[in-house]
Amino acid sequence: MKYIIWDWNGTLLDDVALCIDVMNGMLRRRGLPPLTPERYREIFTFPVENYYRAAGLDLESEPFTALAAEYISEFDRRVIDCGLRPGAIEALEKLKGAGCAQLIVSASQQSSLARQVESRGLTGYFRAVLGIGDILAVTKEGVAKEYLEKNSIKGEDAVFIGDTGHDWQVARAIGCRCVLMEGGHESRRRLERTGAVVASDAAGALSEILR
């Protein structure tokens, strides 16, 4: 593969525990029951608005935009404490050594994403770090398509590495292969249901790509 497209949250960045804690804080403030990690991985989805509803938030009484702003404010304040998933650096190094061009395509807001990648000293690994224009995390499919078309990259020359069914959907939309990593924001059962190759970690994803 000439191009490796990485998701960020839950794939390279180990932020699942933080995401659960931030949401549980919002739920507690509203007198709602908290999520367990197991429940979280069964209901997290895109668009994120649907996940908020499944978590128990009432989007009829509180606008999604306000809830999203509350969530992102807390997440951005604390994300500096999140490390990378085990094996992430090693995978990035090996792919760099193999001559692959690496990108990040994320549903995170662009400026926040760039700060997160830069603060961990990772910018040099990526040809592009691509997020979305606002905090509502509607889709990253358009971001991926625009970049590939602008740079005349064929889907068959790329592989998308992610941790959710949405990543698989994006990969299908841009016509590239997909490898999903267990241990991120969705359960292995949900990942396998897509029909994509599912790896247990970054090392497993790497072996699938370089085999």
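You'll find the structure just up there.
Quantities reported herein were computed from a predicted structural model and do not represent experimental measurements.

(A) Geometry of the overall build of the protein. A count of helical and extended segments in the protein gives 10 helices and 6 strands. In terms of overall size, the protein behaves like a compact globule, its C-alpha atoms giving a radius of gyration of 17 Å where 211 residues would be expected to give roughly 17 Å. With respect to the principal axes defined by its C-alpha atoms, the protein has extents near 50 × 30 × 30 Å. Residue burial in the protein is summarised as follows: out of 211 residues, 52% are buried. Partitioning the contacts of the protein with sequence separation of at least 6, the portion at a separation of at least 24 is 65%.

(B) Representation of the pairing of strand β2 (residues 101-109) within the structure. In terms of burial, β2 is a largely internal element, 8 of the 9 residues being buried. For the crossover that starts at β2, traverses helix α6 (residues 110-119) and ends in the parallel strand β3 (residues 128-132), the hand is right-handed.

(C) Representation of the sheet that holds strand β6 (residues 197-199). As summarised here, the arrangement of the 6 strands in space is β3-β2-β1-β4-β5-β6, forming an open sheet in which the pairing is parallel. Among the strands making up the open sheet, the edge pair consists of β3 and β6. Averaged over all pairs of adjacent strands, the angle between their axes in this sheet comes to 25°, without regard to strand direction. Bridging between strand β5 (residues 177-181) and β6 involves 3 bridges; their strand directions are parallel.

(D) Focus on the pairing of β5. The buried fraction of β5 amounts to 4 of the 5 residues, a majority that puts the element mostly inside the structure. Of the pairings in the sheet, the one linking strand β4 (residues 158-162) to β5 comprises 4 bridges and is parallel in character. Bridged to V159 within β5 is R177.

What counts, and at which threshold
Residues numbered from 1 in each chain as written. Predicted model: local features only at pLDDT ≥ 70, side-chain atom pairs only at ≥ 80, totals over all residues. Heavy atoms only, no water. Helix = DSSP H or I, 4+ residues; strand = E, 2+ residues; numbered from the N terminus. Rg over C-alpha atoms; globule rule 2.2 N^0.38 Å. Buried < 20%, exposed > 50% of the residue type's maximum accessible area, 1.4 Å probe, protein only. Contact = heavy atoms within 4.5 Å. Right-handed = clockwise from strand over helix to strand, strands pointing away. Pairing = 2+ DSSP bridges. Axes fitted to C-alpha atoms, helices over the stretch in contact; angles between N-to-C directions.

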